[in-house]
Amino acid sequence: MSVILYFDTSDVRDGALDQLKGAIKGLVEFVEANEPRLIAYNVYFSDDGARMTVVSVHPDSASLEYHMEVAGPLFGQFVELVTLASIHIYGEPSEKVLQQSHKKARLLGRGIVVVESLHAGFTRAATPAQPDTTAS
């Protein structure tokens, strides 16, 4: 499995936090309904609400390409709400993913795109916790 980890971090524009949170909930619902291969898609806000980080886990580069194609048209609604600071991709993204990421960075701000390749590691599929059968 060649998992791709994607992180983007944005500065929240002054006075935009409430509107942004509503728009993000809608985006998350859309992504969940339309991207069945996506392993995880989570959005985090700093305690002061000044920064937002989107974290997604994809089974492969094709999944991230698909995300950018399907959800990409919705990114425009965030232009007045955030300024993208950076996109970090961990893994081996395709050339198309790199192009899509640079396009998103231009749309939403001044953000840089950074790619880091896997050196060593492994990925396990999540398994449900097993009951403890050793208790008496």
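What you are looking at is a predicted structure, and each value in this text was computed from that prediction instead of being measured. (Residues numbered from 1 in each chain as written. Predicted model: local features only at pLDDT ≥ 70, side-chain atom pairs only at ≥ 80, totals over all residues. Heavy atoms only, no water.)

Caption draft 1: Spatial organisation of helix H2 (residues 61-71). Listing the buried residues of H2 in full gives Ser-61, Ser-63, Leu-64, Glu-65, His-67, Met-68 and Ala-71. If you follow the buried residues of H2, they end up packed against strand E1 (4-12), helix H1 (17-34), strand E2 (40-45), strand E3 (51-58) and helix H3 (95-108). Between the side-chain oxygen of the N-cap and the backbone nitrogen of Ala-62 there are 3.3 Å, and the N-cap of H2 in question is Asp-60. (Buried < 20%, exposed > 50% of the residue type's maximum accessible area, 1.4 Å probe, protein only. Helix = DSSP H or I, 4+ residues; strand = E, 2+ residues; numbered from the N terminus. Contact = heavy atoms within 4.5 Å. Polar contact = N/O pair within 3.5 Å; in protein donor to acceptor, adjacent residues only side chain to side chain.)

Caption draft 2: Representation of the packing of H2 against H3 within the structure. At their nearest, the axes of H2 and H3 sit 9 Å apart, and the two run at 35° to each other. The two elements H2 and H3 meet at a crossing, and its hand is left-handed. Between H2, through Ser-61, Leu-64, Glu-65, Met-68 and Glu-69, and H3, the contact on the second element is made entirely by Lys-96, Val-97, Gln-100, Ser-101 and Lys-104. (Axes fitted to C-alpha atoms, helices over the stretch in contact; angles between N-to-C directions. Left-handed = near helix turned anticlockwise from the far one by under 90°.)

Caption draft 3: Examining the environment of Tyr-6 more closely. By secondary structure assignment, the location of Tyr-6 is in strand E1. It is 9.4 Å that separates the C-alpha atoms of Tyr-6 and Tyr-41, two residues lying 35 residues apart in sequence. Apart from the residues lying within four places of it in its own chain, the contact partners of Tyr-6 are Val-54, Val-55, Ser-56, Leu-64, Met-68, Ile-87, His-88, Ile-89, Ser-101 and Lys-104. Of the polar contacts made by the side chain of Tyr-6, one reaches the side chain of Asp-8; its length is 2.9 Å. Engagement of the side chain of Tyr-6 in a polar contact is seen with the side chain of Lys-104, the distance being 3.1 Å.

Coordinates in, geometry out; function isn't part of it.
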